[in-house]
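Each chain, written out:
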Amino acid sequence: MSEHRRVVVVGAGFAGLGAAMRLAESGERSFTVLEQAAEIGGTWRDNVYPGVACDVPSHLYSFSFAPRADWSRRYAEGPEILRYLRSCAETPGVRERLRTGTGLREAHWSQQRGLWELSTTTGALTAEFLVLATGRFNEPHIPAMTGLADFAGPIMHTARWRSGMELAGRRMGVVGTGASAVQLVPELVAAGAAVTVFQRSAPWVIPKADTAYSASEQELFARRDAARRAHRQEIFAELDQGFPARLRGSAENTELRDRALRHLHDQISEPELRARLTPDYAIGCKRVLLSDAWYPALSSGSVTVEDSALASLSPTTATAESGNQHRLDALVLATGFQASRPGIAQRVRGRLGVLLSDHWEQGMSSYASTAVSGFPNCFLLGGPNAALGHNSALTMLETQINHLLSALEQLPPGSICEVRGAAERGYTAMLDSRAAQTVWTAQGCSSWYRDPATGRVTLLWPGSAAEYSRRYAKFDPAAYHLQARSDTAVGPARGAEEMSLL
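In this text, all values refer to a predicted model and were calculated from it rather than measured experimentally.

(A) How the structure looks around the packing of helix α12 (residues 421-435) against helix α13 (residues 465-472). Close contact between α12 and α13 brings their axes to 15 Å; oriented N to C, the two are set at 165°. For the element pair α12 / α13, the angle class is roughly antiparallel. Handedness of the crossing formed by α12 with α13: right-handed. Side by side, α12 and α13 meet where Tyr427, Met430 and Arg434 of the first sit next to Glu467, Tyr468, Arg471 and Tyr472 of the second. In terms of residue class, the contact of α12 with α13 is made up of four nonpolar, no polar and three charged.

Dropping the structure here:
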């Protein structure tokens, strides 16, 4: 006999814990959160490389319904964020419903029973509702290169960092110039390493201007909740105004470009190096990075910038596509994640036995970035087009969690809801049309925002976070087929009959 829950949430990072906290707050008691790792935390559990931090201000990179007054800095470092998540996991009604060390092997929608049947590494479950909250940064991308197995030194992805490794005097290769590399390289230099950075394309970088919160500010936020809320809202409004800078030809995009170029000019005095560090693509095409330490590290004399990708490895030498060779003791892959083709999609089968990965053969699609046709009673948190290039993704997650709770509140017991294919197609067409106006689809723009096979922008919401919240925080029954199981008890059902709601 399998256990039964009304709701099963898969993943215990920000998305899964946020959903669990709100479910518990709503009075829901029949839910379980599955986490394949031994601990909660997701991205912030896995990423422990030197310098790991968030590039979204702390008071906005936390839940509005679980505020923290004593953030130490404007931009929190990884260990502090993980401590916050652990405190969220201790919320009454959440901890006892967390099931760590339990991976999802397969989820299959049973049309006969009107339930999700789940096979996990610790047993079987059934659920009326399945919530996929596995995130987009959990499967490291390992680029193809000759001789990867031949290299004599340690090779690690930034998300699989080996703590305790001696860095002083070591010749470190870093592949990539994205967010993790920009944080890591200055720390390697500070620790005394000699670093070779393999740069396929230079990143756009603007000042971070990180500061510590004073004791008086922390005390104010703890004593006056209105002051803390106002501070959070000020940050949100400021960041949300950044979306127009992602539109092609906008004055805001030009201003953002000028700001980044001023930062580069102010920190890199040598003209030849400055030219090599000047991007040749539209700003905002890829994530705009925040750092006051990246450029000083590159000009410190401890870093060699290789202007091409890593092509091959021998036991002691890395050869770039340019033909240049670099002797290395260790190699770090700061190469991102398999964000556009999540592995969980290969383990979820919908109404007709179709894998979610097959449904997404032409790139991820959804309705409201939260529901997919052919997958009844299934909600995605952090799913297609639920990331932002200018604001906190947690604001999107909170909207999606509100959508989920609104559905659970509106649907009568024993309900089956499946988003209409027309609603998914309409939402996808709207996204494609709006994405075409952004720098994400500009000529020469290649990033993890886009599906590698089709070029569609499948990760980012092409608008403000405020607009997304206004449009999709509430469950809209008109976008869904609604049915009722003829037998609402757990066990074989005799089929489903259309509800009179529609």
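What follows continues from the structure just given.
(B) Region of the structure containing the side chain of Ser365. Within the secondary structure, Ser365 is located in the loop between α10 (356-359) and β18 (378-380). For Ser365, the contacting residues outside a window of four places in its chain are His359, Trp360, Val372, Pro384, Glu424 and Thr428.

(C) Inspection of the sheet that holds strand β16 (residues 330-333) at higher detail. Spatial strand order, β7-β16-β8-β9-β12: five strands in an open sheet with parallel pairing. The sheet terminates laterally at β7 (155-157) and β12 (303-306), the two strands that pair on one side only. Here the strands of the sheet are splayed against their neighbours by 20° on average, with no regard to which way each runs. Examined bridge by bridge, β7 and β16 share three bridges and lie parallel to one another. Paired with His157 across the bridge in β16 is Leu333. Sheet strands in contact with helix α4 (residues 179-190) are β8 (171-175), β9 (194-198), β12 and β16, and its direction is about 170° off that of β8.

(D) Broad picture of the state of the cysteines. Going through the model one piece at a time under the given rule, you end up with one disulfide. For Cys285, the disulfide goes to Cys445, at an S-S distance of 1.9 Å. Across the disulfide from Cys285 to Cys445, rotation about the S-S bond amounts to roughly 100°, and the bridge is consequently right-handed. Placement of Cys285 in the loop between α8 (271-276) and β11 (289-290) and of Cys445 in the loop between α12 and α13 is noted, with a sequence separation of 160 residues between them. Comparing Cys285 with Cys445, the two get one shared label, buried. Cys54 carries a free sulfur, and the closest cysteine sulfur to it, the one in Cys88, is 14 Å from it. The exposure class of Cys88 is buried, given its relative accessible area of 2%.

(E) Representation of α4 within the structure. Of all twelve residues in α4, nine are buried, a share of seventy percent or more. Among the residues making up α4, those that are buried are Ser180, Ala181, Val182, Gln183, Leu184, Val185, Pro186, Leu188 and Val189. Packing partners of the buried residues in α4 comprise β8, β9, β11, α9 (294-298), β12 and β16. Looking at the residues trailing α4, positive phi occurs at Gly192, about 95°.

(F) Highlighting the confidence of the model for the protein chain. Per-residue confidence for the protein chain averages 94 on the pLDDT scale, and 96% of its residues sit at or above 70. Segment residues 487-502 is flagged for pLDDT under 50; beyond a separation of four residues in sequence, or across chains, it makes 38 contacts in the model.

(G) Quick look at helix α3 (residues 78-89). Helix length check: α3, at twelve residues, gives a terminal C-alpha distance of 17 Å against a target of 16 Å (1.5 Å per residue), a fit within 8%. Turning to α3, its buried residues are Gly78, Glu80, Ile81, Leu82, Tyr84, Leu85, Cys88 and Ala89. Against α1 (14-26), α2 (43-46) and β3 (98-100) lie the buried residues of α3.

(H) Structural detail: the pairing of β9. With four of five residues buried, β9 is to be regarded as a mostly interior element. Inspection of the sheet shows β8 paired to β9 by five bridges, in the parallel sense. Within β9, the position partnered with Met172 by the bridge is Val195. A crossover links β8 with its parallel partner β9, the connecting element being α4, and its sense is right-handed.

(I) A look at empty space enclosed by the protein. For the structure on display, the rule yields four cavities of 30 Å³ or more. Taken together, the residues of the lining of the largest cavity break down into eleven nonpolar, four polar and one charged.

(J) Structural view of the nonpolar core. Counting residues in hydrophobic clusters, the biggest one holds 101 residues, and the most contacted among them are Phe14, Trp161, Val185 and Tyr480. Once residues lying within four places of it in the same chain are set aside, the contact partners of Val185 are Val174, Val195, Val197, Trp294, Ala297, Leu298 and Val303. Of all hydrophobic cores here, the second largest spans 25 residues; its members include Val8, Trp116, Met364 and Phe375.

(K) Layout of the sheet that holds strand β15 (residues 325-327). One open sheet accounts for three strands, arranged β13-β14-β15; its pairing is antiparallel. Each edge of the sheet is formed by a strand with only one pairing partner; in this case those strands are β13 (310-313) and β15. Across the sheet, the mean angle from the axis of one strand to that of its neighbour is 30°, orientation sign disregarded. Sheet topology note: the strand β14 (residues 317-320)/β15 ladder contains three bridges and is antiparallel. Its bridge partner lying in β15, Ala318 is registered against His326.

Thresholds, definitions, all that
Residues numbered from 1 in each chain as written. Predicted model: local features only at pLDDT ≥ 70, side-chain atom pairs only at ≥ 80, totals over all residues. Heavy atoms only, no water. Axes fitted to C-alpha atoms, helices over the stretch in contact; angles between N-to-C directions. Helix = DSSP H or I, 4+ residues; strand = E, 2+ residues; numbered from the N terminus. Parallel < 35°, antiparallel > 145°, perpendicular 65-115°, else oblique. Left-handed = near helix turned anticlockwise from the far one by under 90°. Contact = heavy atoms within 4.5 Å. Nonpolar A, V, L, I, M, F, W, Y, C, P; charged D, E, K, R; others polar. Pairing = 2+ DSSP bridges. Disulfide = S-S within 2.5 Å. Buried < 20%, exposed > 50% of the residue type's maximum accessible area, 1.4 Å probe, protein only. pLDDT = per-residue confidence, 0-100. Expected span 1.5 Å × (residues − 1). Right-handed = clockwise from strand over helix to strand, strands pointing away. 1 Å grid on protein atoms, 1.4 Å probe; cavity = no way out; pocket = protein on both sides within 12 Å on 5 of 7 lines; lining within 4 Å. Points joined across faces, edges and corners; volume = space filled by probe spheres on them. Core = buried A, V, L, I, M, F, W, Y, C linked by side-chain atoms within 4.5 Å.

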